[in-house]
Amino acid sequence: MDSSHQSNYKLSKTEKKFLRKQIKARHTLLRHEGIETVSYATQSLVVANGGLGNGVSRNQLLPVLEKCGLVDALLMPPNKPYSFARYKTTEESKRAYVTLNGKEVVDDLGQKIILYLNFVEKAQWKKLRPQALPPGLMVVEEIISSEEEKMLLESVDWTEDTDNQNSQKSLKHRRVKHFGYEFHYENNNVDKDKPLPGGLPDICDSFLEKWLREGYIKHKPDQMTINQYEPGQGIPAHIDTHSAFEDEIVSLSLGSEIVMDFKHPDGTAVPVMLPRRSLLVMTGESRYLWTHGITCRKFDTVQASENHKSGIITSDVGDLTLSKRGLRTSFTFRKVRQTPCNCSYPLVCDSQRKETPPSFPESDKEASRLEQEYVHQVYEEIAGHFSSTRHTPWPHIVEFLKALPSGSIVADIGCGNGKYLGVNKELYMVGCDRSQNLVDICRERQFQAFVCDALAVPVRSGSCDACISIAVIHHFATAERRVAALQEIVRLLRPGGKALIYVWAMEQEYNKQKSKYLKGNRNSQGKKEEMNSDTSVQRSLVEQMPDMGSRDSASSVPRINDSQEGGCNSRHGSTTVLH
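Rules of the game
- Residues numbered from 1 in each chain as written.
- Predicted model: local features only at pLDDT ≥ 70, side-chain atom pairs only at ≥ 80, totals over all residues.
- Heavy atoms only, no water.
- Helix = DSSP H or I, 4+ residues; strand = E, 2+ residues; numbered from the N terminus.
- Buried < 20%, exposed > 50% of the residue type's maximum accessible area, 1.4 Å probe, protein only.
- Contact = heavy atoms within 4.5 Å.
- Areas by Shrake-Rupley, 256 points an atom, 1.4 Å probe, with all protein chains shown as cover.
- Pairing = 2+ DSSP bridges.
- Axes fitted to C-alpha atoms, helices over the stretch in contact; angles between N-to-C directions.
- Nonpolar A, V, L, I, M, F, W, Y, C, P; charged D, E, K, R; others polar.
- Arc of directions from axis to C-beta.
- Right-handed = clockwise from strand over helix to strand, strands pointing away.
- Disulfide = S-S within 2.5 Å.

S.K.: A description of the overall build of the chain should follow, citing residues and the corresponding values.
M.R.: When its secondary structure is counted, the chain shows 11 helices and 30 strands. Counting only residues that meet the buried cut, the chain has 49% of its 579 residues in that class. Summarising the internal contacts of the chain: among those between residues at least 6 apart in sequence, 70% fall at separations of at least 24. Of the roughly 29,400 Å² of accessible surface on the chain, 49% is carried by carbon and sulfur atoms.

Structure representation (C-alpha cells):
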C-alpha cells in the first residue's frame, strides 16, 4: 500500500492487518538476513514470501512482476523465502509496490501465499566463487537412448514378493532391489560370503561392456542396487565403505533428473545436477572422501538457463529457479573388493585406519566436566534457535499425558522450551531443565519451570503421579549417571506412579537387524511400526533395574516401538541435542 494514500482516509481492518504484516516482513528481513529496507521509492524491491525457499519458482514470479513494468533483474537466492526485483525505472517499481503488495499467489505446491514488497537501495547478493566438480567426479549425459531407458524401467518388477532372491525392500524413503550382493545400509557394505543367486540381470550386460570399452569403469561390476525415489524422497549423505568396493562406482539415472549433494570434510558443498539418462561416475577423491546424498524435497533449485543440463548448480542468483521432481529410478553398479583398500585417504579408510577404543570418563568429576562443556554450555548458547525448532509435541507423549487422571501432578524432567507443559490443562505440570535460557522461555509462556540438574531434582519424594523425560538421559556421560537419573525419576513418583522416558540410541536393533533406514511392513489397518534411520526409542531401564532405593515406588514404562515423528523431514545427525 502506498503510504501517500494512508493519510487520505481511515484504514480498513483488512488494510491495517496487511500493514502489520508488511512491517513484520520488513523487521524479519533485517533481523535474520541483514536486509535493510528504505522508506523512499527506488528501482529495487525485496519480495518477501516470493523466494525459492518457500516454493515460488522464477517462471511463476517473473510474469507477476512483469505486469507492472520491465524487470531488469530478478535475483532468487537459493533456499531463501524472498527475492530481489530491479525494474528499469522507479515509476515501475512504485507501481509494483502498490499493485502487488498483499497479492495472493499460488506456489508450485498449490499453496496460497501472500507477497509483501519493500523498497531496498540495491538488489544484491553476495557472489560466491565458482565451484568445481569434486575431483574424480564425472557426469556423462545421454549415456543411453530413450528406448533403452524405457526397456530398463520396464524390466524392473516392483510387484514381486518381498522375500524374493533379489532382496527387495521398502526402505524408509524409497524402494530398493539388490542383485549380486545385498547392500547393507547400516554399514554401507555387503556380506562377501553371501552372494545372491542369479547375479546381475542379463539386460545390463551390453551397457556394462560398452562402459568398460569406453573407460568409464575398469572392472565389470558384480553388485547392483536399484533405487526408486518418489518426489520428496531421498537418501542420507554417505560414503560407500572403502573396503567393500573397488574404486569406481557408477549410477545411471532414469525417469527424472535429480540434484545430488556432495560434501567435503572441510564443509565445502557442491550440488550436482544428474539429468535423466545420465551416468554418474565417482572415482578417486569424489568416491573415497566426499559424501554424496539426495535431500528429501519435492523441488530442486536448478539453473534456469535451458542450455544448462548437467554439472554444478552455480550460485548465480540471477539464473536459479525450481524444478519439480518426478519418479526417478537409479541403477547403481559396484565391484566388490576382495583385497584391503590402499587408497590415498588413510584417515577415512576403514582398511587403513587404526581403530581406537572409545574413551570414557574416568571419574564422576570428569563426566560432570564433559557435560558442562558439551551439553550445558551448548544449550545455553543455542536455546533460542533450539526452541524455534521444537514446537510440535510428539503424539505418543500427548497420548500419555491426556490419559492421566484430571488433577494429576506431573514433572517434566528436562522440559526444554516447555512444549509438553501445556498439552493437558487438567494436569498440574511443572518442568525443570539445566538451561536457564530454556527455563526463561518456559516462563515467558506462563509455564511453571525452574533450573536444576536431573540428578538432583528439588522435589519431595513420592509427590508426583507421573513423570516424563523426553530425550534427556542420553546426555549423561556415563552409564552410572544415566542410571542415577532414572533413580531420581523413580524417587519422585508415588507408589503406582507412571513415567514415560525417551532416549536416542543409534545402535538399537529391530527384528534382529540394525534399525538404520529400515521400516517395518504396514498391515491392512495401517498400523505403523517404523524405525527411525538414525535415532529410535529405546525401552527404559527403569523396568529392568533392581531395587534402586525407593520404597514402594515403581515406574510403569511401556515399551514403545514407534520412532521419532517426522519421516523424511526429521533432522538426522543431531541426535545428541534433540528434545
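S.K.: Account for the pairing of strand β3 (residues 71-75), with residues named and values stated.
M.R.: Among the five residues that make up β3, four are buried, leaving the element largely enclosed by the rest of the structure. By the bridge criterion, four bridges tie β3 to strand β4 (residues 82-87) in an arrangement that is antiparallel. Bridging across to β4, Leu 74 finds its partner in Ala 85. Counting the residues in the hairpin turn of β3 and β4 gives six residues, including Asn 79, whose phi is positive at 65°.

S.K.: An account of the packing of helix α8 (residues 364-388) against helix α10 (residues 436-444) is needed here, citing residue identities and associated values.
M.R.: In contact at an axis separation of 7 Å, α8 and α10 are set at 35° when each is read in the N-to-C sense. Packed against α8, whose contacting residues are Tyr 379, Glu 380, Ala 383, Phe 386 and Ser 387, the element α10 presents Gln 436, Asn 437, Leu 438 and Ile 441 at the interface. The residue makeup of the contact of α8 with α10, split by class, is five nonpolar, three polar and one charged.

S.K.: An account of helix α9 (residues 395-402) is needed here, citing residue identities and associated values.
M.R.: Listed in full, the buried residues belonging to α9 are Ile 397, Val 398, Phe 400 and Leu 401. End-on view of α9: buried residues confined to an arc of 160°, all on one side of the axis. The exposed residues of α9 that point more than 90 degrees off its buried face are Glu 399 and Lys 402. In the core, the buried residues of α9 are packed alongside β24 (409-413), β25 (428-433), β27 (464-470) and β28 (493-502).

S.K.: Talk me through the environment of Asn 187; I want residue IDs and the actual numbers.
M.R.: Tracing the sequence through the fold places Asn 187 in the loop between β11 (183-184) and β12 (189-190). Of the residues examined, Asn 187 reaches a relative accessible area of 41% and is grouped as partly exposed. Separated by 57 residues in sequence, Asn 187 and Ala 244 place their C-alpha atoms 10.0 Å apart.

S.K.: Quick rundown of the sheet that holds β3? Include the residues and the values.
M.R.: Reading across the sheet, the five strands line up as β1-β7-β2-β4-β3 and stay open at both edges, with antiparallel pairing between neighbours. Edge positions in the sheet fall to β1 (37-38) and β3, since each has one partner strand and no second. The strands touched by helix α3 (residues 58-66) within the sheet are β2 (44-48), β3 and β4, with β3 carrying the most contacts at an inclination of about 150°. Running at roughly 155° to strand β7 (residues 116-120), helix α4 (residues 90-100) makes contact with β2, β4 and β7 of the sheet.

S.K.: Report on the pairing of β27, specifying residues and quantitative values.
M.R.: Burial analysis of β27 places six of its seven residues in the buried class, which makes it a mostly covered element. Both β24 and β27 contribute to a ladder of three bridges, which runs parallel. What sits directly across from Val 410, in β27, is Ala 466. Sheet topology note: the β27/β28 ladder contains six bridges and is parallel. Residue pairing across strands places Cys 467 opposite Ala 499, the latter belonging to β28. Regarding topology, helix α11 (residues 479-492) serves as the crossover connection from β27 to the parallel β28, and that connection is right-handed.

S.K.: Tell me about the sheet that holds β28, and please be specific about residues and values.
M.R.: In space, the five strands of this open sheet follow the order β26-β25-β24-β27-β28, with parallel pairing throughout. Here the strands that pair on one side only, and so sit at the sheet edges, are β26 (449-451) and β28. Each strand of the sheet is rotated relative to its neighbour by a mean of 20°, with strand direction disregarded. Looking at chain direction, β24 and β25 are connected through five bridges and run parallel. Pairing of Val 410 across the sheet is with Met 429, part of β25. Here α10 sits on the sheet in contact with β25 and β26, set at roughly 165° to β26.

S.K.: Can you break down the state of the cysteines residue by residue, with the values?
M.R.: Overall, the coordinates contain zero disulfides when judged by the stated rule. No disulfide involves Cys 343; its sulfur sits 3.6 Å from that of Cys 341, the nearest cysteine. Note on Cys 452: no disulfide assigned, nearest cysteine sulfur contributed by Cys 432 at a separation of 3.6 Å. Judged by its relative accessible area of 10%, Cys 452 is buried.

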